[in-house]
Amino acid sequence: SEQVLRNGNAMARSKTRTVTQIAMLGAIAGILMNLEFPLPFLAPTFYQLDFSEIPVLVGSFAMGPIAGVLIELVKILVHLVTKGSMTAGANFIFGCTFAVPAGLIYRYKSVKSRKHAVIGMAVGTVLTAVVACFINAFVLLPAYGKAFGMPVEAFIEMGSAVHSSVNNLLTFAAMIIFPFNIFKYALTSLIVFLIYKRIRVVLKGD
């Protein structure tokens with residue numbers, strides 16, 4: 001019975017530690033989401049780069065994809081409270097589309113290796129870039145247009161100023177949205193690849 005009690009206490013401590021880490025990583029991600037900057041050589045300035053998916057991906061690798069989803073949720077809530085956003089739902093989808101496949105592949109059959117991490121991040125990056133094309137072109141841009149009284153053509157003109165081949169929503173998605181997101185999530189992946197081992201030591205306590 002003493003052994004059962006010790007096991008129960010260890011499980012409770014482990015759960016508390018996990019919840020604390022999810023909250024901490026989510027809060028850091030929410031703060032990072034507020035630190036945005038444009039990439040005018042890739043996209044119109046209303047598309048901003050941030051590094052908020054770094055803590056989400058770290059959590060997904062260290063604690064599993066479900067933890068990644070919860071960290072993403074905390075991130076979005078922190079961002080909503082501190083800054084507000086009309087794209088919170090889409091950002092949540094993008095973050096999960098990136099971190100969940102990466103976490104699943106990395107932790108597949110409990111074989112955690114650099115190769116699995118790279119494959120997972122590559123799959124997450126491409127998948128998110130594709131999903132972002134459709135959601136931006138058919139949901140976000142029209143919604144922005146309605147909110148700010150701008151026709152979709154105005155966004156196409158902005159895209160054309162960056163890349164001369166942009167002349168409709170399809171080419172906007174292919175020439176602006178896709179490369180921007182490939183760059184964003186590839187850069188996030190590279191940073192996580194370089195720092196994950198050090199952070200894992202802190203999270204796992206090993």
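Residue numbers restart at each chain and count upward from 1, following the sequence in its written direction. It should be noted that, the model being predicted, local features are given only for residues of pLDDT at least 70 and side-chain atom pairs only at 80 or more, the latter also being counted only at that level, while totals for whole chains, interfaces and linings use all residues. Water and hydrogen atoms were dropped before computing side-chain values, which therefore reflect all heavy atoms in the structure.

1. Points about the overall build of the chain
The number of helices and strands found in the chain is 7 helices and 2 strands. Helix numbering and strand numbering both begin at the N terminus, where a helix is a DSSP run of H or I of at least 4 residues and a strand a DSSP run of E of at least 2. Going residue by residue from the N terminus, the α and β elements of the chain occur as α-β-β-α-α-α-α-α-α. The cut-offs for exposure are 20% and 50% of the maximum accessible area for each residue type, with area from a 1.4 Å probe on protein chains only; residues under the lower value are buried, those over the upper are exposed, and the others partly exposed. Going through the 206 residues of the chain one by one, you find that 41% of them count as buried. Of the contacts made within the chain by residues no fewer than 6 positions apart, 68% connect residues no fewer than 24 positions apart. Here the chain has roughly 10800 Å² of accessible surface; of this, 70% comes from carbon and sulfur atoms. Two residues form a contact once any of their heavy atoms are found within 4.5 Å. In this description, accessible areas are obtained by the Shrake-Rupley approach with a 1.4 Å probe, and a residue is regarded as covered only by the protein chains that are shown.

2. Focus on the packing of aromatic side chains
Ring pairs are drawn from Phe, Tyr and Trp, using the six-membered ring of Trp, whenever the two centres fall within 6.5 Å, and their geometry is named by plane angle: stacked under 30 degrees, edge-to-face over 60, tilted for the rest. By the definition in use, this model includes 12 aromatic pairs. Ring centres of Phe41 and Phe183 lie 6.3 Å apart, and the angle between their planes is 90 degrees; on these two criteria the pair is classed as edge-to-face. Taken together, the residues Phe41 in the loop between β1 (37-38) and β2 (48-49) and Phe183 in helix α7 (residues 169-204) connect sequence positions 142 residues apart. In this structure Phe183 comes out as partly exposed when scored by relative accessible area, which is 32%. Considering the side-chain rings of Tyr47 and Phe172, the 6.3 Å spacing of their centres and the 40 degrees angle between planes classify their relative orientation as tilted. On the criterion of sequence distance, the pair formed by Tyr47 in the loop between β1 and β2 and Phe172 in helix α7 is long-range, its members being 125 residues apart. With a relative accessible area of 0%, Phe172 lands in the buried category.

3. Points about the nonpolar core
The criterion is simple. A nonpolar core is a set of buried Ala, Val, Leu, Ile, Met, Phe, Trp, Tyr and Cys residues joined through side-chain atoms within 4.5 Å. Counting residues in hydrophobic clusters, the biggest one holds 43 residues, and the most contacted among them are Tyr47 and Phe61. Counting only elements with at least two residues in this core, the list comes to α1 (2-34), α2 (53-63), α3 (65-82), α4 (88-106), α5 (114-148), α6 (152-162) and α7. Looking at which element gives the most residues to this core, the answer is α7, with 9 residues. Discounting residues that sit within four places of it in the chain, Tyr47 has contacts with Pro38, Leu39, Asn136, Leu141, Phe172, Ile176, Ile177 and Phe180.

4. Brief notes about the side chain of Glu53
Turning to its location among the elements, Glu53 is positioned in helix α2. When neighbours within four sequence positions are excluded, Glu53 is seen to be in contact with Glu72, Lys75, Gly95, Phe98, Tyr185 and Thr188.

5. Things to note about the pattern of salt bridges
Just to be clear on terms, a salt bridge is a Lys or Arg side-chain nitrogen sitting within 4 Å of an Asp or Glu carboxyl oxygen. This model, assessed by the stated rule, comprises 4 salt bridges. For Glu36, the salt bridge identified is with Lys83, shortest N-O distance 3.3 Å. You can see Glu36 sitting in the loop between α1 and β1 and its partner Lys83 sitting in the loop between α3 and α4, a full 47 residues away along the chain. Here the salt bridges do not stand alone but share partners, grouping Glu53, Glu72 and Lys75 into one network.

6. As for the packing of α4 against α7
A fitted line through C-alpha atoms serves as each axis, taken over the contacting stretch for helices, and the angle formed by two N-to-C directions is quoted from 0 to 180°. The contact between α4 and α7 brings their axes to 13 Å, and the two run at 40 degrees. If you check the angle between α4 and α7, you find them oblique. As for the relative orientation of α4 and α7, their crossing is right-handed in sense. Residues Phe94, Phe98 and Tyr106 of α4 lie in contact with α7, whose contacting residues are Tyr185, Thr188, Ser189 and Tyr196. Tallied by class, the residues present in the contact of α4 with α7 amount to 5 nonpolar, 2 polar and no charged. Note that the term roughly parallel is reserved for angles under 35 degrees, roughly antiparallel for angles over 145, roughly perpendicular for angles of 65 to 115, and oblique for everything else. What makes a crossing left-handed is the near helix being turned counterclockwise from the far one by less than a right angle; a clockwise turn instead makes it right-handed. Classes in brief: Ala, Val, Leu, Ile, Met, Phe, Trp, Tyr, Cys and Pro nonpolar; Asp, Glu, Lys and Arg charged; the others, Gly included, polar.

7. Some details on a nonpolar patch on the surface
A cluster of nonpolar side chains, namely Ile66, Leu70, Leu73, Leu77 and Leu80, defines an oily patch on the protein surface of about 450 Å² accessible area. Summarising the element assignment, Leu73 is placed in helix α3. The patches described consist of residues with a relative accessible area above 30% and no salt bridge, like charges being joined within 9 Å and nonpolar side chains (Val, Leu, Ile, Met, Phe, Trp, Tyr) within 5 Å.

8. Focus: α5
Taking 1.5 Å per residue, 35 residues should reach 51 Å; α5 reaches only 45 Å between its end C-alpha atoms and comes up short. Of all the bends in α5, the greatest, near 50 degrees, is centred on Asn136. Just downstream of α5 lies Gly149, where phi reads positive at about 65 degrees. What a helix should span is 1.5 Å times the count of its residues minus one. The bend reported for a residue corresponds to the angle between axes fitted to the seven residues ending at that residue and the seven starting there.

What is shown is where atoms sit, not what they do.
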